[in-house]
Amino acid sequence: MLKNHSRMARERNTVEAMINMYCHDLHGNNAAICLECKELLAYAGERLKKCPFQQNKTTCDRCPVHCYKNEMRMKIRDVMRYAGPRMFRRHPVLTLFHFLDGLRKKPVPLQRKPGNS
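What counts and how
- Residues numbered from 1 in each chain as written.
- Predicted model: local features only at pLDDT ≥ 70, side-chain atom pairs only at ≥ 80, totals over all residues.
- Heavy atoms only, no water.
- Core = buried A, V, L, I, M, F, W, Y, C linked by side-chain atoms within 4.5 Å.
- Buried < 20%, exposed > 50% of the residue type's maximum accessible area, 1.4 Å probe, protein only.
- Helix = DSSP H or I, 4+ residues; strand = E, 2+ residues; numbered from the N terminus.
- Contact = heavy atoms within 4.5 Å.
- Expected span 1.5 Å × (residues − 1).
- Phe/Tyr/Trp six-rings, centres within 6.5 Å; stacked < 30°, edge-to-face > 60°.
- Disulfide = S-S within 2.5 Å.
- Salt bridge = Lys/Arg side-chain N within 4 Å of Asp/Glu carboxyl O.

Novice: Go over the nonpolar core, please, and point to the residues and values.
Specialist: Ile-19, Cys-37, Leu-40, Tyr-68, Ile-76, Val-79 and Met-87 are the most contacted members of the largest nonpolar core, which has 21 residues in total. Every element with two or more residues in this core is listed here: helix H1 (6–26), helix H2 (35–49) and helix H3 (70–90). Looking at this core, the element that brings in the most residues is H1, giving seven residues. Setting aside its immediate chain neighbours within four residues, Leu-40 contacts Ile-19, Met-72, Lys-75, Ile-76 and Val-79.

Shown next, in the form of structure tokens:
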């Protein structure tokens, strides 16, 4: 059952803002993001939907579960390295909440009960 928590919506907005900033600045697309960045955004959205921690989630760099494939992890890392230092000026509210989310304790992965698959 997928729940839509405001915490996860904010995380999606933050990732989208970072990818948009990265694409517009480095790929030179003013109207829309390129296909490669659209694919990364869609992938990140799917990963967030499947996040086992949902509203208790910390930032991805502090998460005990790394759910991105290596190729996509490298791409999102490049995006975050570029956009992270520039976020405060363009998106101060998202940046503040992202900083506060990073202060959360690392969540404990959910344990499956025996017999449940």
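Novice: Tell me about H1, residues and numbers included.
Specialist: Counted at 1.5 Å a residue, the expected span for H1 with its 21 residues is 30 Å, and the 30 Å between its end C-alpha atoms agrees. By the burial criterion, the buried members of H1 are Arg-7, Met-8, Arg-10, Glu-11, Thr-14, Val-15, Ala-17, Met-18, Ile-19, Met-21, Tyr-22 and Cys-23. Those residues of H1 hidden inside the fold are in contact with H2, H3 and helix H4 (92–102). Where H1 terminates, the next one or two residues include Gly-28, which has phi positive at roughly 70°.

Novice: Provide a residue-level description of the packing of aromatic side chains, including the pertinent values.
Specialist: Scanning the model with the defined rule gives two aromatic pairs in all. Note on Tyr-22 and Tyr-82: the rings are 6.0 Å apart at their centroids and 75° apart in plane angle, and the pair reads as edge-to-face. Here Tyr-22, found in helix H1, pairs with Tyr-82, found in helix H3; they are 60 residues apart in sequence, far enough to count as distant. The burial state of Tyr-22 is the same as that of Tyr-82; both residues are buried. Look at Tyr-43 and Tyr-68: their rings are 5.3 Å apart centre to centre, the planes differ by 75°, and that puts the pair in the edge-to-face class. Of the two residues, Tyr-43 sits in helix H2 while Tyr-68 sits in the loop between H2 and H3, which places them 25 residues apart along the sequence. Here Tyr-43 and Tyr-68 have matching classes, each one buried.

Novice: Quick rundown of H2? Include the residues and the values.
Specialist: For H2, spanning 15 residues, the distance from its first C-alpha to its last is 21 Å, which sits close to the expected 21 Å at 1.5 Å a residue. On its buried face, H2 is in contact with H1 and H3.

Novice: Residues and numbers for the state of the cysteines, please.
Specialist: Counting across every chain of the model gives zero disulfides. Free cysteine Cys-34: the closest other cysteine sulfur is in Cys-37, separated by 3.6 Å.

Novice: I'd like to hear about the pattern of salt bridges, residue by residue, with values.
Specialist: Proximity of charged atoms lets side chains of opposite charge pair with each other. Tallied over the entire structure, the rule returns four salt bridges. Among the salt bridges present, the one from Arg-90 reaches Asp-25, with a minimum N-O distance of 2.9 Å. Taken together, the positions of Arg-90 in helix H3 and Asp-25 in helix H1 put the pair 65 residues apart, joining distant regions of the chain. The closest approach of N and O atoms between Glu-36 and Lys-75, which form a salt bridge, is 3.7 Å. Highlighted residues: Glu-36 in helix H2 and Lys-75 in helix H3, separated in sequence by 39 residues. Given a relative accessible area of 41%, Glu-36 falls into the partly exposed group. The exposure class of Lys-75 is partly exposed, given its relative accessible area of 23%. Among the charged side chains, a salt-bridge network with shared partners connects Glu-36, Glu-71 and Lys-75.

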